[in-house]
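Results of the structural survey
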Amino acid sequence: MSIFSFFKKNKSKEKTKTLPQLLNELKQSSDFANIQFETRGNHISIYYFDSLIDPKLLQQNVLCHLQNDVPGRSSLSLDDLQQILPVQRIEVTDNVETIETKLLKGFAMLQLNENKRRCALINLASENLGLRPNNDSENEFSVVGPKVGFVENIGTNLHLIRRQLVTPNLIFREMTIGSMSKTKVVVAYIDGITNEQTVQTVVQRLNDIEFDIVFDNSLLDQMISDNSSSPFPLFVSTERIDRVVYALVEGQVAIFADGSPYVITGPSTLFHFFTSPEDYYLPWILGSFFRLIRIFGVMFSTLASPIYVAVLTYHYEMIPKDLLGPIIFSRSNVPFPPILEVLFLEITIELLREAGARLPTKVAQTLGIVGGIVIGQASVEAALTSNVLLIIVALAALASFTTPIFKMSNTIRFIRFPIIFFAAFWGGVGIVFAICLLLIHLGRLQSFGSPYLVPFYPLRRKDFVDSLVRSSYSGTVRRPSYLRPRTFWRYDPKKAKQKKDIDE
């Protein structure tokens, strides 16, 4: 069966839902609430998503007026609600599609026992539920795209996701973790897309946690990790809404924790940490180019200093004759071997980074600029290091900042030092040996049971469309196969390839 017939067949098989079927489907999510009570001889049921409505509007404009007796009125009908409730928009309908759409937009559905097919839709949507004025993404800044990020309030974060994914298949599973903190944790996924085994794995690992207090999602990240001894992050921790929405649509699982402005998504691969949301807001050629620049920057940041140590310690013959003179002249007064020279500058850079991260923003900027210039110039003049190495270390430090995810940036900073020691002991052979050990370690890593180096290992050719480079949207119609999604196709590729220009 072709791709095009697949979409046509699925569309022809769609059946109209009944109202009980819709309610049973929505009840799978923990944020779908139901209130039932008796008033004026009627049994009233109110259904709504508590992550989308304003609870004050529900209490003041609906519950208070329905529970109060109205003089001269012994019964209640749906048509009387407009006269009783101080709400402008009340719509009475029996159309299930309309009910589903309104519920996902922040409406509450009120149902009377007199007619279970007809119901009233009351607008209680909250536009600024717990939003603060400075909830911009600070550590994952991008020039193009939305700037709104998550906050510490989990209710606000779920509200932001519900507003972006208007689908009844978005499921929230709520649980409590921490014997003393009782932290509210929510697992989010899209039913019908995300693999059920992945969801069960995440829920089981969270339920197996025995800890006294959970402050942040970073603690959960370490507790549910497949390998807690690895320096590499196995799950993407992000503060950007668009990154989480895209992960859910692909078939991943998102984990929210109350009190944390970061959200964990997984299963993740190594290439997810070099992917920026800007890649998808720019033309695919530019997005692919910038992604390759980031990958090259990480490789340069990791190997620049070790190669300098190996070449100047064991492999002088590799230096071109025109470059050999300036290098010898720059190191003529340096009394230390290359390994000590490199360690001195690398540790100095790390000290400046840590000091800048702990100081106020304005002071940190001054320290980074002035401290780097003063210390670097003084080190060269004092013959503690060569000016060539100073340039290499500065470029390596600059290249390490191209990583979009902060946790992967820390990993790159760490693995540079073991490779430097391998280069000092065995030269180029030591660098090759260190890289082999690194690849073996990466090949054994898993994220929620999914290989960490996919699509390279194991080889998945169809998943190369969004790994090293980003293909056009007409080429990304399939979800990644390593996620084992229940639905592989994201949209109709035939319509995605259609030209929008019309010849007149």
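Just so you know, these numbers come straight off a predicted model, no measurement behind them. For every chain, the first residue of the written sequence is number 1, and numbering continues from 1 onward in sequence order. Restriction of local features to residues with pLDDT of at least 70 applies here, the model being predicted, together with a cutoff of 80 or more for giving and counting side-chain atom pairs; totals for whole chains, interfaces and linings are based on all residues. Only heavy atoms go into the side-chain values, all of them from the structure, while hydrogens and water stay out.

1. Observations concerning the overall build of the chain
The helix and strand tally for the chain stands at 17 helices and twelve strands. The rule is simple: take the accessible area with a 1.4 Å probe, protein chains only, and divide by the maximum for that residue type; under 20% is buried, over 50% is exposed, in between is partly exposed. When each of the 504 residues of the chain is scored for burial, the buried share is 47%. Contacts: residue pairs with any heavy atoms within 4.5 Å of one another. Relative to all contacts within the chain whose residues are 6 or more apart in sequence, the contacts with residues 24 or more apart total 67%. Accessibility throughout is a Shrake-Rupley quantity obtained with a 1.4 Å probe, and a residue counts as covered only by protein chains that appear here. Carbon and sulfur atoms make up 59% of the accessible area of the chain, which amounts to about 26000 Å² in all. Only DSSP runs of H or I covering at least 4 residues are called helices, and only runs of E covering at least 2 are called strands; the numbering of each starts at the N terminus.

2. As for helix H7 (residues 196-207)
For a helix, the expected span equals 1.5 Å multiplied by the residue count minus one. Here H7 is twelve residues long and its end C-alpha atoms lie 16 Å apart, about the 16 Å a rise of 1.5 Å per residue gives. Turning to H7, its buried residues number three or more, namely Thr198, Val199, Val202, Val203 and Leu206. Taken around the axis of H7, the buried residues stretch over an arc of 130°, which confines them to a single face. When the buried face of H7 is taken as reference, the exposed residues oriented beyond 90 degrees from it are Gln204 and Asn207. The secondary structure elements touched by the buried residues of H7 are strand S6 (170-177), strand S7 (183-190), helix H8 (217-223) and strand S9 (253-257). Directions drawn from the helix axis to the C-beta atoms are what define this arc.

3. Thoughts on the confidence of the model for the chain
Here the chain averages 84 in pLDDT, while 88% of its residues score no lower than 70. Along the chain, pLDDT gives the predictor's confidence residue by residue, from 0 to 100. Taken element by element, the predicted model of the chain shows its lowest mean pLDDT in helix H1 (residues 3-13) (52) and its highest in S9 (95).

4. Structural notes on the pattern of salt bridges
Counted as salt bridges are all cases of a side-chain nitrogen of Lys or Arg within 4 Å of a carboxyl oxygen of Asp or Glu. Under the counting rule described, the total for this entry stands at 17 salt bridges. Between arginine 240 and aspartate 242 there is a salt bridge; the shortest N-O distance is 2.7 Å. Per residue, the accessibility class of arginine 240 equals that of aspartate 242, and both read buried. Close ionic contact of arginine 413 with glutamate 354 constitutes a salt bridge, the shortest N to O distance being 3.3 Å. Of this pair, arginine 413 sits in helix H16 (residues 406-444) while glutamate 354 sits in helix H13 (residues 338-358); the two residues are 59 residues apart in sequence, bridging distant segments of the chain. Residue glutamate 354 is classed as partly exposed on the basis of its relative accessible area of 35%.

5. Structural notes on the pairing of strand S2 (residues 42-49)
Burial within S2 is extensive, with seven of its eight residues counted as buried. At least two DSSP bridges between two strands are needed for those strands to be called paired. Bridge analysis of S2 against strand S4 (residues 107-112) gives four bridges, and the strand direction is antiparallel. Looking at S4, one finds that tyrosine 47 is bridged to methionine 109.

6. Comments concerning helix H9 (residues 241-250)
Judged by how many residues are buried, H9 sits mostly within the fold: eight of ten residues are covered. All of the buried residues in H9 are Ile241, Asp242, Arg243, Val244, Val245, Ala247, Leu248 and Glu250. Two residues or fewer past H9, glycine 251 is found with a positive phi of approximately 120°.

7. Comments concerning the sheet that holds strand S1 (residues 32-39)
Read from one edge to the other, the open sheet built from five strands follows the order S1-S2-S4-S5-S3, with strand pairing classed as antiparallel. Two strands close off the open sheet at either side, each with one partner strand: S1 and strand S3 (90-93). Each neighbouring strand pair of the sheet contributes to a mean axis angle of 20°, computed without reference to strand direction. Where S3 and strand S5 (residues 119-123) come together, four bridges link them in antiparallel fashion. Each bridged residue has a counterpart across the sheet, and for isoleucine 90 the counterpart in S5 is isoleucine 122. Angles here are taken between N-to-C directions and fall from 0 to 180 degrees, while the axes themselves are lines fitted to C-alpha atoms, restricted in helices to the stretch in contact.

8. Examining the packing of aromatic side chains
For this analysis, a ring pair means two rings from Phe, Tyr or Trp (six-membered ring only for Trp) whose centres lie within 6.5 Å, classed as stacked if their planes differ by under 30 degrees, edge-to-face if by over 60, and tilted for the remaining angles. Scanning the model with the defined rule gives 13 aromatic pairs in all. A ring pair is formed by tyrosine 246 and tyrosine 280, whose centres lie 4.8 Å apart and whose planes are at 35°; its orientation type is tilted. Taken as a pair, tyrosine 246 in helix H9 and tyrosine 280 in helix H10 (residues 278-281) lie far apart in primary sequence, 34 residues in all. Note on tyrosine 280: relative accessible area 17%, which makes it buried. These aromatic residues form a ring-pair network of at least three members: Phe422, Phe425, Trp426 and Phe433. For a Lys NZ or an Arg CZ to count as sitting over a ring, it must be within 6 Å of the ring centre and within 35 degrees of the ring normal. Here the guanidinium or amino end of arginine 162 rests over the ring plane of phenylalanine 172, the centre of that ring lying 4.7 Å away.

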